[in-house]
Amino acid sequence: MDSKYFIIIAILLLNTYTTSAQNAGVSCLYSMSVSDYSCILLINNPNGYNNFTSINGTHLAGKTNADVTVISSNSQSNTLNVPSIICETFKNVKKIILYLSKIQRIHDYSFEKCEQLLHLELISNMISRIDEDAFEENSKLERLYIGLNPLTDLPEDLFDPLENLKVLSFSRSEITTLRPEWFEPLENLETLWIYENPISEFPKRIFKPLKNLQGLYSQKCNLKTIHSDSFGIHPQLTTFSFHANQIGAIDERLIDNTNVTYFYMTMNDCADVNITDTSASRQSMRTALRDCFGNYDELYPGTTTTTRTTTTTTRTTTPTTTTTARTTTTVPTTTVPTTTVPTTTTPIATPTTTTTIPTTTTSTTSKPLPPGCNAGNLDERVCKIEDTIEEFHENFKDIRDENKELKEALNNQTALITDIIEENQQQKVLIEELQKELKDKSDSFSKSLEDLQEQVLILSTRPCSCH
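Because the structure is a prediction, the values reported are computed rather than measured.

(A) Broad picture of the overall build of the protein chain. The helix and strand inventory of the protein chain stands at 10 helices and 17 strands. A buried classification covers 38% of the 467 residues belonging to the protein chain. Here the contacts in the protein chain between residues at least 6 apart in sequence split such that 58% fall between residues at least 24 apart. Of the roughly 26,000 Å² of accessible surface on the protein chain, a fraction of 53% belongs to carbon and sulfur atoms.

(B) Layout of the nonpolar core. Within the largest apolar cluster, 76 residues are counted, with the highest numbers of intra-cluster contacts made by F170, L192, F202 and F263. Broken down by secondary-structure element, the contributors of at least two residues to this core are β1 (25-32), β2 (37-45), β3 (68-73), α2 (85-89), α3 (180-183), α4 (253-256) and α6 (290-299). Considering every element that reaches this core, the biggest residue donor is β2, with four residues. The residues contacting F202, other than those within four sequence positions of it, are L178, I194, F207, L216, S218, L223, I226, S230, F231 and F242.

(C) Molecular detail of the pairing of β3. β3 sits mainly inside the fold: six of its six residues count as buried. Note that β2 and β3 share five bridges and pair parallel. Paired with L41 across the strands is S73, a residue of β3. Both β3 and strand β5 (residues 95-97) contribute to a ladder of three bridges, which runs parallel.

(D) Expanded view of the environment of S84. Topologically, S84 is positioned in the loop between β4 (78-79) and α2. According to the relative accessible area criterion, S84 is buried, its value standing at 11%. Through-space distance from the C-alpha of S84 to that of D108 is 9.4 Å; in sequence the pair is 24 residues apart. Excluding residues that lie within four positions of it along the chain, S84 makes contacts with N50, Y109 and S110.

(E) Focus on the side chain of R286. As for its position among the elements, R286 is in helix α5 (residues 283-288). On the basis of relative accessibility, which here comes to 12%, the residue R286 falls in the buried class. Polar side-chain contacts of R286 include one of 2.9 Å to the backbone oxygen of S281.

(F) Region of the structure containing the pattern of salt bridges. Within the structure shown, the criterion is met by eight salt bridges. The partner of R129 in a salt bridge is D131, and the shortest N-O contact between them spans 3.5 Å. Its salt-bridge partner being E156, residue R179 comes within 3.3 Å of it at the nearest N-O pair. Residue R179 is located in the loop between β10 (167-169) and α3, and its partner E156 is located in the loop between β9 (143-145) and β10; the two are separated by 23 residues in the primary sequence.

(G) Expanded view of the state of the cysteines. Under the definition given, this model contains three disulfides. Residue C87 pairs covalently with C114 via a disulfide, S to S 1.9 Å. Disulfide C87-C114: torsion about the S-S bond near -100°, hence left-handed. On the criterion of sequence distance, the pair formed by C87 in helix α2 and C114 in the loop between β6 (105-106) and β7 (119-121) is long-range, its members being 27 residues apart. By relative accessible area, C87 is classed as buried at 1%.

(H) Molecular detail of the confidence of the model for the protein chain. Across the protein chain, pLDDT averages 79, with 67% of residues at or above 70. Predicted confidence is poor over residues 13-21, with pLDDT under 50, and the contacts of this stretch with residues over four places away or in other chains come to one contact. Low confidence marks residues 306-378, where pLDDT is under 50. Its contacts with residues over four positions away, or in another chain, come to 72 contacts.

(I) Representation of the packing of aromatic side chains in the model. Counted according to the given criterion, the structure contains 15 aromatic pairs. Ring centres 6.1 Å apart and planes at 75° place the aromatic pair W193 and Y195 in the edge-to-face group. What makes W193 partly exposed here is its relative accessible area of 28%. When the centroid spacing of 5.4 Å and the interplanar angle of 15° are considered together, the rings of F240 and F242 count as stacked. Like F240, the residue F242 is buried in the burial classification. Through successive ring pairs, a cluster of aromatic residues spans F170, W182, F183, F202, F207, F231, F240, F242 and F263. Across the ring face of Y37, the terminal group of K63 is positioned such that the distance to the ring centre comes to 5.6 Å.

About the cut-offs
Residues numbered from 1 in each chain as written. Predicted model: local features only at pLDDT ≥ 70, side-chain atom pairs only at ≥ 80, totals over all residues. Heavy atoms only, no water. Helix = DSSP H or I, 4+ residues; strand = E, 2+ residues; numbered from the N terminus. Buried < 20%, exposed > 50% of the residue type's maximum accessible area, 1.4 Å probe, protein only. Contact = heavy atoms within 4.5 Å. Areas by Shrake-Rupley, 256 points an atom, 1.4 Å probe, with all protein chains shown as cover. Core = buried A, V, L, I, M, F, W, Y, C linked by side-chain atoms within 4.5 Å. Pairing = 2+ DSSP bridges. Polar contact = N/O pair within 3.5 Å; in protein donor to acceptor, adjacent residues only side chain to side chain. Salt bridge = Lys/Arg side-chain N within 4 Å of Asp/Glu carboxyl O. Disulfide = S-S within 2.5 Å. pLDDT = per-residue confidence, 0-100. Phe/Tyr/Trp six-rings, centres within 6.5 Å; stacked < 30°, edge-to-face > 60°. Lys NZ or Arg CZ within 6 Å of the ring centre and 35° of its normal.

What follows is the structure, encoded as structure tokens:
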């Protein structure tokens, strides 16, 4: 090879090495969205050092480290750990998202200085170990996502400081057993995502401490039987997602002890259906899952009947009383023409009694019945009709309350969609910043390449003095 080309190649390699050495460490690209001042973080730390003293980058005009509230990782980040310099520099950060950064371990120093942190995502890394005190100083944390990592276990006391945690996800990991110690301090947890873990069963009383739990998402695990004693009494719990397990039996008391409205059971052994049932009795849910309940009764005979009856009476006193009153109202048929009564087992007797007792038609309207009904001055059947009407109004009130709850849930979903749209707008701003930075670097590289080509041309025109 001609020596002049060898010299050029050596110069290029040296420049590349020098540039790489200069970029080693931690740097930020800053941007401003609608409400947050953000840092797009680039970590070049393949050896997992924790000796950095500063973070490179130029702030926007009028902004400082104290203004940064959101940190998200650059997809080119490469680090074995989360250097403590991040939280030491940005102490007011509230949201940290570190995706695809090749992180293998979360140390006790990683987030020690992030005392204002509310939202932490460490998804899609290579984390196999989290230190016991990793979240010791993050008591304000509300959302924690550590899924899509090769985690096989977690320290018993890992979540002890997180009394304000509302959302926890360690889905798509390799955890086989749930530890009761994880959930004991999480009384305020509302949503738990544990799907796609090889979990074969829920231990007894495992979810009982989660008094405010509203949704459990455990699809694509290896669950076979669902016991009600894994949950206890959970009036806030409305959603079960058991899609694509191997469930063949469910304790029916699970419905009685919760307020479950959404039950996702597609691709299971005893049922292949998704159910939405907002009624007090949840009869359609019971019907859809009757094979699951029957299988459980066969596997554990005598363990559910007594308790289930008692619990149902407690939870559905009004419907039970209503059914009894309606039946009593329709029994006396001797004084009612049979041509006006289709059947004596009509579920709702109020319309029937209105047409079959002309003298008391006004009693079915909003006007009160004449006084003295309870004293026996009116026909006994009219008193029973009054009771039925009162119970009908009670049921109507329950339906109205349920509709109110559904409206609130819809409002919550609308708010969530609004948040997602806002985050998408923020991401759009960040992408535009990145595109601008990429264009600037491309222009700079093109100019450097032109200069290099000019140098090569000059060298090539010079006579070689080599011997």
